[in-house]
There are 2 protein chains.
Amino acid sequence: MLQLTRNGEYAVRAVLFLASRPPGRPVLITEISESQEVPKSYLSKIMQQLVHSGLVRSRRGINGGFTLARPAESITLKETIEAVEGPIHLNVCLIRKGECHRDDFCPVHPVWQEAQRRLSEVLDGKTMADLVRDGEAIQGRLKKSRRKR
Amino acid sequence: MLQLTRNGEYAVRAVLFLASRPPGRPVLITEISESQEVPKSYLSKIMQQLVHSGLVRSRRGINGGFTLARPAESITLKETIEAVEGPIHLNVCLIRKGECHRDDFCPVHPVWQEAQRRLSEVLDGKTMADLVRDGEAIQGRLKKSRRKR
DNA sequence: CCAAAATAGGACTAAAATCATCCGTAATGT
DNA sequence: ACATTACGGATGATTTTAGTCCTATTTTGG
């Protein structure tokens, strides 16, 4: 459907939430689940994938939970999405050379390449640190407009 | 999966094929199906959708078939895809305002807006006439390189 | 050592989307 | 009338999506 799935959406919420917390202190899955409105048992699977892909670190037992495995400045939106959705390919013909045998003569193929390049540009151009900053700016504006009322 | 479905892919092939034929003379679904490698019975459904959305005109009976309903210069790639896949929304939060109640404070929302804008730019910037021209250019290059061998 | 606290991971499932096929109906030109 | 061609509805297999649930396994505070 050419649309992000919940997996991707939830992964972004989770990683962004971790990025917004003081680093080092593990965050419980319950806290992520409740604050980000993601079913806990489902989120559990997503967190596992994020751990496997090396974006998030986990610790079991008391004082356990999840933290970012790397600084928020180094984690992009695209990376986070691809960690749980697999590599983004807007069309099957972009999966790899030869996947679609019409590549050689198909005039649409280069258009998809360009479209994908532009999309990647946007998603790779935003780090979790950027998004935390953006979020804080939005909060600031919301507070101001509430004061005016 | 953030990927075009066969519906979209097949629709593009069909419309592009019609655009490459001399306008006015109806093309049989069998010919489209075989040349574009799309199952005929499946293609039938897609052609119906293209007719309903006003991109293609159909005629039944002898000398029937399909033609473009409008000049190829006026039909974009995006239009063709959306005719069979519905409007493109890279994320559910882009479907309409209020679809995702986190819009107001979600710092990721504007990124999706931008990503979608960029994608639309590319897909809307290519008309079927453009693609036919591109295809001919590719054919030309292929012939030349074959001659060199 | 042990119990409590957490995540890990496997099995399972309902619903929807995807990718089709088949067949009777309707229209159209000769 | 009749051959030809698209229309439209019903049906279905397979895959993906979006979860739930339950049992392990790890960790640590007491």
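Structure's up top.
Computed from a predicted structure; not experimentally measured.

1. Structural notes on the protein's contact with DNA strand C
The local shell around DNA strand C holds 25 residues, among which A:Lys45, A:Gln48, A:Ser58, A:Arg60 and B:Ser41 are the closest. Those atoms of DNA strand C that come within 4 Å of the protein belong to sugar or phosphate at a rate of 68%. At 2.9 Å, a side-chain N or O of A:Gln48 approaches a base nitrogen of DNA strand C. In the environment of DNA strand C, a sugar or linking oxygen lies 2.6 Å from a nitrogen or oxygen atom belonging to the side chain of A:Arg60. Secondary structure elements with two or more residues in the surface near DNA strand C: helix H3 (40-52), strand E1 (56-59) and strand E2 (65-68) of chain A together with helix H1 (6-20) and helix H3 (40-52) of chain B. Taken together, the residues that form the surface near DNA strand C break down as 10 nonpolar, 9 polar and 6 charged.

2. Notes on the protein's contact with DNA strand D
If you check the shell around DNA strand D, you find 25 residues, and the closest are A:Ser41, A:Arg60, B:Lys45, B:Ser58 and B:Arg60. Atoms of DNA strand D within 4 Å of the protein: sugar and phosphate make up 67%, bases the balance. Here a phosphate oxygen of DNA strand D and a side-chain polar atom of A:Ser41 are 2.7 Å apart. Between DNA strand D and B:Ile29, the relevant distance is 3.1 Å, taken from a phosphate oxygen to a main-chain nitrogen or oxygen of the residue. Broken down by secondary-structure element, the contributors of at least two residues to the surface near DNA strand D are helix H1 (6-20) and H3 of chain A together with H3, strand E1 (56-59) and strand E2 (65-68) of chain B. Across the surface near DNA strand D, the residue classes tally to 9 nonpolar, 9 polar and 7 charged.

3. Focus on the side chain of A:Glu9
Relative to the helices and strands, A:Glu9 is located in helix H1. Since its relative accessible area comes to 15%, A:Glu9 is described here as buried. In this structure A:Glu9 touches A:Leu4 and B:Asn91, once residues within four positions along its chain are discounted.

4. Things to note about the pattern of salt bridges
Counted under the stated rule, the structure contains 24 salt bridges over all chains. In this structure, the salt-bridge partner of B:Glu37 is A:Arg102, at a minimum N-O distance of 3.1 Å. With B:Glu37 in the loop between helix H2 (29-36) and H3 and A:Arg102 in the loop between helix H4 (77-85) and helix H5 (109-124), this pair bridges two chains. Looking at A:Arg102, the relative accessible area reads 7%, which means it is buried. When the shortest N-O distance is used, the salt bridge between A:Asp130 and A:Arg133 registers 2.8 Å. Here A:Asp130 and its partner A:Arg133 are both found in helix H6 (residues 128-148), 3 residues apart, which amounts to about one turn of the helix. Several salt bridges converge on common partners, so that one network encompasses A:Glu114, A:Arg117, A:Arg118, A:Glu121, B:Glu114, B:Arg117, B:Arg118 and B:Glu121.

What counts and how
Residues numbered from 1 in each chain as written. Chains lettered and ligands numbered in written order. Predicted model: local features only at pLDDT ≥ 70, side-chain atom pairs only at ≥ 80, totals over all residues. Heavy atoms only, no water. Near = heavy atom within 4 Å. Polar contact = N/O pair within 3.5 Å; in protein donor to acceptor, adjacent residues only side chain to side chain. Helix = DSSP H or I, 4+ residues; strand = E, 2+ residues; numbered from the N terminus. Nonpolar A, V, L, I, M, F, W, Y, C, P; charged D, E, K, R; others polar. Buried < 20%, exposed > 50% of the residue type's maximum accessible area, 1.4 Å probe, protein only. Contact = heavy atoms within 4.5 Å. Salt bridge = Lys/Arg side-chain N within 4 Å of Asp/Glu carboxyl O.

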